[in-house]
Amino acid sequence: MSRSEGYVLAFDTSAAHCAAALLRGAEVLAECREDMAKGQAERLMPLLEEVLRAAGLGWSDLSAIGVGIGPGNFTGVRIAVSAARGLALALGIPAIGVSTLEALAEGGPRPLTVLEDARRGEAYCQHFPEGAPELRTLADLPVTGPEIGSAARGGLAPALPLATAIGRIAARRADLPQPRPAPLYLRGADAAPPSDPPPVILD
């Protein structure tokens, strides 16, 4: 059996949530999303175990991992990507990174523009024409066009829950060579480096 036909566990912590879904192909076996402003690092692994138990499966049953790589919250993205890499290494299965923007577009019409709130009056933006998607950008909020996502003004709602969409995309790519998941940052971290001078090292 190919990996794309097996069980795929997908999850995302790129925003104020902890979301997970277990799929086999396009079939959703279990899913869960919990809204939370913080605490994703502590909640993610127990949530994944709960999703597996809900389907009567264990870690060894998985064929692939799907993970949201952002753009999104700097720390949240790193939590999910680090977990996916660790699980893939421990289980000997591939981890497939999927951008938040691509997941939001999954199952939607084409052409389509995805806008995800980046705060500061800006949005993460990616256009999906009939062919290959265009470059992801960070831009001032657009005001017109066929739009989907949390920053869209009067636009469409996503066709699928985020973790489910990540799982479907990951399943399609599970049999193809994939790079290790890596955070997708379109903006630098909000945290500023310390302004204090470094300590003096004495000989």
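From a predicted model like this one, the values you see are computed outputs, not experimental measurements.

The rules behind the values
- Residues numbered from 1 in each chain as written.
- Predicted model: local features only at pLDDT ≥ 70, side-chain atom pairs only at ≥ 80, totals over all residues.
- Heavy atoms only, no water.
- Salt bridge = Lys/Arg side-chain N within 4 Å of Asp/Glu carboxyl O.
- Helix = DSSP H or I, 4+ residues; strand = E, 2+ residues; numbered from the N terminus.
- 1 Å grid on protein atoms, 1.4 Å probe; cavity = no way out; pocket = protein on both sides within 12 Å on 5 of 7 lines; lining within 4 Å.
- Points joined across faces, edges and corners; volume = space filled by probe spheres on them.
- Nonpolar A, V, L, I, M, F, W, Y, C, P; charged D, E, K, R; others polar.
- Pairing = 2+ DSSP bridges.
- Axes fitted to C-alpha atoms, helices over the stretch in contact; angles between N-to-C directions.
- Contact = heavy atoms within 4.5 Å.
- Expected span 1.5 Å × (residues − 1).
- Buried < 20%, exposed > 50% of the residue type's maximum accessible area, 1.4 Å probe, protein only.
- Arc of directions from axis to C-beta.
- Polar contact = N/O pair within 3.5 Å; in protein donor to acceptor, adjacent residues only side chain to side chain.

This part takes up the pattern of salt bridges. This model, assessed by the stated rule, comprises six salt bridges. Between Arg187 and Glu122 there is a salt bridge, and its shortest N-O distance comes to 2.7 Å. One end of the pair, Arg187, is in the segment after helix 4 (162-173); the other, Glu122, is in strand 7 (residues 122-128), and 65 residues separate them in sequence. Among the ionic contacts, a cluster of salt bridges with common partners joins Glu34, Arg43 and Glu50.

Here the largest pocket defines a volume of roughly 880 Å³. A breakdown of the residues in the lining of the largest pocket according to their chemical character gives 16 nonpolar, twelve polar and seven charged. As a volume, the second largest pocket reaches approximately 150 Å³. Of all the elements, helix 2 (residues 74-91) adds the most residues to the lining of the second largest pocket, at three residues. Classifying every residue of the lining of the second largest pocket gives seven nonpolar, one polar and two charged.

Another point: the sheet that holds strand 3 (residues 27-35). Spatial ordering of the open sheet is given by 3-2-1-4-5, a layout of five strands whose pairing is mixed. The open sheet has two edge strands, strand 3 and strand 5 (95-98), and neither has a second partner. Put simply, the sheet's adjacent strands are angled 15° from each other on average, direction ignored. Most of the contacts of helix 1 (residues 40-54) go to strand 2 (residues 17-24), to which it runs at about 25°, and overall it touches strand 1 (7-12), strand 2, strand 3 and strand 4 (62-68). In the packing of helix 4 onto the sheet, contacts are made with strand 1, strand 2, strand 3, strand 4 and strand 5, and the angle to strand 1 comes to roughly 135°.

Take helix 2 next. For helix 2, with 18 residues, the first-to-last C-alpha span of 26 Å sits near the 26 Å given by 1.5 Å per residue. Within helix 2, burial applies to Gly76, Val77, Ala80, Val81, Ala83, Ala84, Leu87 and Ala88. The buried residues of helix 2 all sit within an arc of 160° when viewed along its axis, so they share a single face. Exposed residues pointing more than 90 degrees away from the buried face of helix 2 are listed as Thr75, Leu89 and Ala90. Where helix 2 begins, the capping side chain belongs to Asn73, and its oxygen is found 3.1 Å from the backbone nitrogen of Thr75. Downstream of helix 2 by a residue or two, Gly92 has a phi angle that is positive, lying close to 70°.

For helix 1, which comprises 15 residues, the first-to-last C-alpha distance of 20 Å matches the rise-based estimate of 21 Å (1.5 Å per residue) to within 8%. Those residues of helix 1 lying buried are Gln40, Arg43, Leu44, Leu47, Leu48, Val51 and Leu52. Those residues of helix 1 that are buried are in contact with strand 1, strand 2, strand 3, strand 4 and helix 2. Phi turns positive, to about 70°, at Gly56, one or two residues after helix 1.

On to the pairing of strand 7. Counting buried positions along strand 7 yields five of seven residues, so the element is predominantly enclosed. Here strand 6 (residues 112-119) folds back onto strand 7, and the loop between the two strands holds two residues, one of which, Arg120, carries a positive phi near 55°. Sheet topology note: the strand 7/strand 8 (residues 137-140) ladder contains four bridges and is antiparallel. When the bridges of strand 8 are listed, Ala123 appears paired with Ala139.

Okay, the sheet that holds strand 7 next. Two modes of strand pairing occur in sheets, parallel and antiparallel, and in both the strands are linked by backbone hydrogen bonds. As summarised here, the arrangement of the four strands in space is 8-7-6-9, forming an open sheet in which the pairing is mixed. In this open sheet, the two edge strands, each paired with only one partner strand, are strand 8 and strand 9 (147-148). Judged from the seven bridges that link them, strand 6 and strand 7 form a sheet pairing that is antiparallel. From the neighbouring strand, Asp117 faces strand 7, where its bridge partner is Ala123.

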